[in-house]
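# Results of the structural survey
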Amino acid sequence: METRDLNREDIISTLRNLILPVAGASGIELVEIQYHRRKGGRSMLRVFIDKEGGVTIDDCARLSREIEAEIVVEDIIPESYILEVSSPGLDRPLRRIEDYRKNIGKLANISTFSSVMNRRFFIGRINNVEDDTITLTLENGEESRIPFAQISKANLKVEI
């Protein structure tokens, strides 16, 4: 398959395979890749990274240079694009079961596809992750067990 024949999902998958070893060699976790093609303008490639103790500007700049070099060598993105490498932020999205495990004790917003315990939106502290079930302790002290497969969207909640 020629590079020009790649669709958006193929490009993201190819980028993930390219970025994972580059990031991992520096002890950096690849959190997410967003790629948006724009007709008549420059496409946007956003790479969100994290590491123990937090990501620095130097981490972002170094990884940006390394990713850019790999993209050019592999000719993955055929059109003009803008590359941004940054931290996912304090309200980082929770997408994988490992994200919940790493953030036990932190406050989270969780929305579900369908009703769980007669509700679809939860705000609570991640208390436990077991057998693909997230246990939250809500502000009223109640515990909610949410099957991971039911979660449509989740992110950490910024605490001040």
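Here we summarise the structure given alongside this text. (Residues numbered from 1 in each chain as written. Predicted model: local features only at pLDDT ≥ 70, side-chain atom pairs only at ≥ 80, totals over all residues. Heavy atoms only, no water.)

The next thing to look at is the sheet that holds strand S1 (residues 29-36). Hydrogen bonds between backbone atoms are what pair the strands of a sheet, whose relative direction is either parallel or antiparallel. Within the open sheet, the 3 strands sit side by side as S1-S2-S3. Their pairing is mixed. If you trace the sheet from one side to the other, it starts and ends with S1 and strand S3 (81-86), each paired once. Direction aside, the axes of adjacent strands within the sheet are offset by 15° on average. In the sheet, S1 pairs with strand S2 (residues 43-50) via 7 bridges, with the strands oriented antiparallel. When the sheet's bridge partners are listed, Leu30 is paired in S2 with Ile49. Strands S1 and S2 of the sheet are contacted by helix H1 (residues 8-24), whose axis makes an angle of about 150° with S1. Sheet strands in contact with helix H2 (residues 57-74) are S2 and S3, and its direction is about 145° off that of S3. (Pairing = 2+ DSSP bridges. Helix = DSSP H or I, 4+ residues; strand = E, 2+ residues; numbered from the N terminus. Axes fitted to C-alpha atoms, helices over the stretch in contact; angles between N-to-C directions. Contact = heavy atoms within 4.5 Å.)

Across the sheet, which stays open at both edges, the 5 strands sit in the order S7-S6-S5-S4-S8 with antiparallel pairing between neighbours. Taken across any chain shown, the strands that pair with only one partner, and hence form the sheet edges, are strand S7 (143-147) and strand S8 (151-156). In this sheet, neighbouring strand axes are inclined to one another by 40° on average, regardless of whether the strands run parallel or antiparallel. Sheet analysis places strand S6 (residues 133-138) next to S7, joined by 5 bridges and oriented antiparallel.

As a further point, take H1. Spanning 17 residues, H1 covers 24 Å between terminal C-alpha atoms, matching the ideal 24 Å at 1.5 Å per step. Taken together, the buried positions of H1 are Ile11, Ile12, Leu15, Leu18, Ile19, Val22 and Ala23. On its buried side, H1 packs onto S1, S2 and H2. Where H1 starts, the residue carrying a side-chain oxygen 3.0 Å from the main-chain nitrogen of Glu9 turns out to be Asn7. (Expected span 1.5 Å × (residues − 1). Buried < 20%, exposed > 50% of the residue type's maximum accessible area, 1.4 Å probe, protein only. Polar contact = N/O pair within 3.5 Å; in protein donor to acceptor, adjacent residues only side chain to side chain.)

Right, let's talk about the pattern of salt bridges for a bit. Applying the stated rule across the entire model yields 13 salt bridges. Its salt-bridge partner being Arg37, residue Glu79 comes within 3.6 Å of it at the nearest N-O pair. One end of the pair, Glu79, is in the loop between H2 and S3; the other, Arg37, is in the loop between S1 and S2, and 42 residues separate them in sequence. Note on Glu79: relative accessible area 24%, which makes it partly exposed. A salt bridge links Asp99 to Arg96; its shortest N-O distance comes to 2.9 Å. What makes Asp99 buried here is its relative accessible area of 3%. By relative accessible area, Arg96 is classed as partly exposed at 34%. Each of Glu29, Asp50, Arg92, Arg96, Asp99 and Lys102 takes part in salt bridges that share partners, so that together they form one network. (Salt bridge = Lys/Arg side-chain N within 4 Å of Asp/Glu carboxyl O.)

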